[in-house]
Amino acid sequence: MKQLTKRELERQDLVDNSIFELLQTINPSEKEIEWDIEMIGEVRDVVSKLFVEELKLSSEKKFYPYING
């Protein structure tokens, strides 16, 4: 079974952590935002669509590596 490489896992971590940091930074309230991978995934999908389909800066797999399955 194919697994993601260390570099691909690091890319996933970079994207997810960056989105979480962004959400914390722009949070207009004092309420703490908990880590929620579903919420992060929703934002990631929008950003991916922007980079891949609209700006054509990257492939989907290069932006956020995954295994076809």
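Bear in mind that the values here come from a model prediction, so they are computed numbers and not experimental data.

Before going further, it helps to spend a moment on the overall build of the chain. What the chain contains, in helices and strands, is three helices and zero strands. A principal-axis box enclosing the C-alpha atoms of the chain has dimensions of 45 × 30 × 20 Å. Every one of the 69 residues in the chain was classed for burial, and the buried ones make up 22%. Across the chain, every contact between residues at least 6 apart in sequence was considered, and the portion connecting residues at least 24 apart equals 39%.

Right, let's get into a negative patch on the surface. There is a patch of like negative charges on the surface, built from Asp36, Glu38, Glu42, Asp45, Glu53, Glu54 and Glu60. The element best represented in the negative patch is helix H2 (residues 37–54), accounting for five residues. Summarising the element assignment, Asp45 is placed in helix H2.

Another point: a nonpolar patch on the surface. A grouping of Leu50, Leu55 and Leu57 is seen on the molecular surface, where their side chains present a nonpolar patch of about 280 Å² in accessible area. By the element assignment, Leu55 lies in the loop between H2 and helix H3 (60–63).

It is worth spelling out the nonpolar core at this point. Val15, Ile19, Phe20, Leu23, Ile40, Phe63 and Tyr64 form the largest nonpolar core, which has seven residues in total. Per element, the largest residue contribution to this core is four residues, and it comes from helix H1 (residues 6–26). Discounting residues that sit within four places of it in the chain, Tyr64 has contacts with Gln12, Val15, Asp16 and Arg44.

Bringing the packing of H1 against H2 into the picture now. Contact geometry for H1 and H2: axes closest at 10 Å, N-to-C directions at 95°. Judged on the interaxial angle alone, H2 and H1 are roughly perpendicular. Residues Val15, Asp16, Ile19, Phe20 and Leu23 of H1 form the contact with H2, whose participating residues are Ile37, Met39, Ile40, Val43 and Arg44. Grouping the amino acids of the contact of H1 with H2 by side-chain chemistry returns eight nonpolar, no polar and two charged.

Following the sequence through the fold, Arg44 ends up in helix H2. Residue Arg44 is classed as buried on the basis of its relative accessible area of 14%. In this structure, the C-alpha to C-alpha distance between Arg44 and Phe20, residues 24 residues apart in sequence, is 10.0 Å. What Arg44 contacts, discounting residues up to four positions off in sequence, is Val15, Asp16, Ile19, Ile37, Phe63 and Tyr64.

Calculation rules
- Residues numbered from 1 in each chain as written.
- Predicted model: local features only at pLDDT ≥ 70, side-chain atom pairs only at ≥ 80, totals over all residues.
- Heavy atoms only, no water.
- Helix = DSSP H or I, 4+ residues; strand = E, 2+ residues; numbered from the N terminus.
- Buried < 20%, exposed > 50% of the residue type's maximum accessible area, 1.4 Å probe, protein only.
- Contact = heavy atoms within 4.5 Å.
- Patch = residues over 30% accessible without salt bridge, like charges linked within 9 Å, V, L, I, M, F, W, Y side chains within 5 Å.
- Areas by Shrake-Rupley, 256 points an atom, 1.4 Å probe, with all protein chains shown as cover.
- Salt bridge = Lys/Arg side-chain N within 4 Å of Asp/Glu carboxyl O.
- Lys, Arg positive; Asp, Glu negative; His and termini not counted.
- Charge placed at Lys NZ, Arg CZ, Asp CG, Glu CD.
- Core = buried A, V, L, I, M, F, W, Y, C linked by side-chain atoms within 4.5 Å.
- Axes fitted to C-alpha atoms, helices over the stretch in contact; angles between N-to-C directions.
- Parallel < 35°, antiparallel > 145°, perpendicular 65-115°, else oblique.
- Nonpolar A, V, L, I, M, F, W, Y, C, P; charged D, E, K, R; others polar.

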